[in-house]
Amino acid sequence: TTFCRLLNESIEGFKFTYLNIGELVHSKSLYQTFNYEFNVPEFDEDMVIDYIEAEHNVAKGGLLVDFHSCDFFPERFFDIVLLLRCDNRRLYDRLAARGYTQAKITVNIECEILEETHYEVL
């Protein structure tokens, strides 16, 4: 999220339309179920895609999409996908500082170790 915001601010003469999917899931209720163990809504992929297509001209471009997953998006949405990685010790500290439960931290760390998002990007 910080990277996307800095990127958008640093390009002179052009501003992307910044879409933080996590925030949109909450604010636009783009979910049908709630995960009480992790205290998060479980986003509905179709609802997210439908919302973006209804609200933004995807073919025109200019969208900066910020999310922890990309495999459900149509390839036509993107010209480039950037994956940022983090040392697990730093990641643990960041997640703990956000107040994540130990179970949620463990799942996130395991995903990082197993490079799940890396394989989605491929």
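Up top is the structure.
Residues numbered from 1 in each chain as written. Predicted model: local features only at pLDDT ≥ 70, side-chain atom pairs only at ≥ 80, totals over all residues. Heavy atoms only, no water.

Quick look at the packing of aromatic side chains
So, step 1. Inspection of the entire model under this criterion finds 9 aromatic pairs.
So, step 2. Ring geometry for Phe43 versus Phe72: centroids 5.0 Å apart, planes at 45°, classification tilted. Separated by 29 residues along the polypeptide, Phe43 in strand 3 (residues 40-43) and Phe72 in the loop between strand 4 (63-66) and helix 4 (88-97) bring together distant segments of the chain.
So, step 3. The exposure class assigned to Phe72 is buried, which follows from its relative accessible area of 12%.
So, step 4. An angle of 40° between the planes, with centres 5.9 Å apart, marks the rings of Phe73 and Phe77 as tilted.
So, step 5. Put simply, the rings of Phe43, Phe67, Phe72, Phe73, Phe77 and Phe78 pair up and form one aromatic cluster.
So, step 6. Cation over ring: Lys104 sits above Tyr100, and NZ or CZ is 4.0 Å from the ring centre. (Phe/Tyr/Trp six-rings, centres within 6.5 Å; stacked < 30°, edge-to-face > 60°. Helix = DSSP H or I, 4+ residues; strand = E, 2+ residues; numbered from the N terminus. Buried < 20%, exposed > 50% of the residue type's maximum accessible area, 1.4 Å probe, protein only. Lys NZ or Arg CZ within 6 Å of the ring centre and 35° of its normal.)

With respect to the nonpolar core
So, step 1. Counting residues in each nonpolar core, the largest one holds 16 residues, and the members touching the most others are Leu19, Ile21, Val48, Ile52 and Phe73.
So, step 2. Elements represented by at least two residues in this core include exactly helix 2 (21-27), helix 3 (45-55) and strand 4.
So, step 3. Among the elements that line this core, the one with the most residues is helix 3, at 4 residues.
So, step 4. Beyond its immediate stretch of four places on either side in the chain, Ile21 contacts Val48, Ile52, Val65, Asp66, Phe67 and Phe73.
So, step 5. Core analysis: the second largest hydrophobic core is formed by 5 residues, Cys86, Leu91, Leu95 and Ile105 among them. (Core = buried A, V, L, I, M, F, W, Y, C linked by side-chain atoms within 4.5 Å. Contact = heavy atoms within 4.5 Å.)

So, unusual backbone geometry
So, step 1. One non-glycine residue, Ser29, lies in positive phi territory at about 55°.
So, step 2. Along the chain, the position of Ser29 falls in the loop between helix 2 and strand 2 (31-35).
So, step 3. Looking at Ser29, the relative accessible area reads 39%, which means it is partly exposed.

Some remarks on the pattern of salt bridges
So, step 1. Applying the stated rule across the entire model yields 5 salt bridges.
So, step 2. Between Arg5 and Glu23 there is a salt bridge, with its nearest N and O atoms 3.3 Å apart. With a gap of 18 residues between them, Arg5 in helix 1 (residues 2-10) and Glu23 in helix 2 connect regions that are remote in the sequence.
So, step 3. For Glu23, a relative accessible area of 45% corresponds to the partly exposed category.
So, step 4. A single network of salt bridges, built from pairs that share partners, joins Arg85, Glu112 and Glu115. (Salt bridge = Lys/Arg side-chain N within 4 Å of Asp/Glu carboxyl O.)

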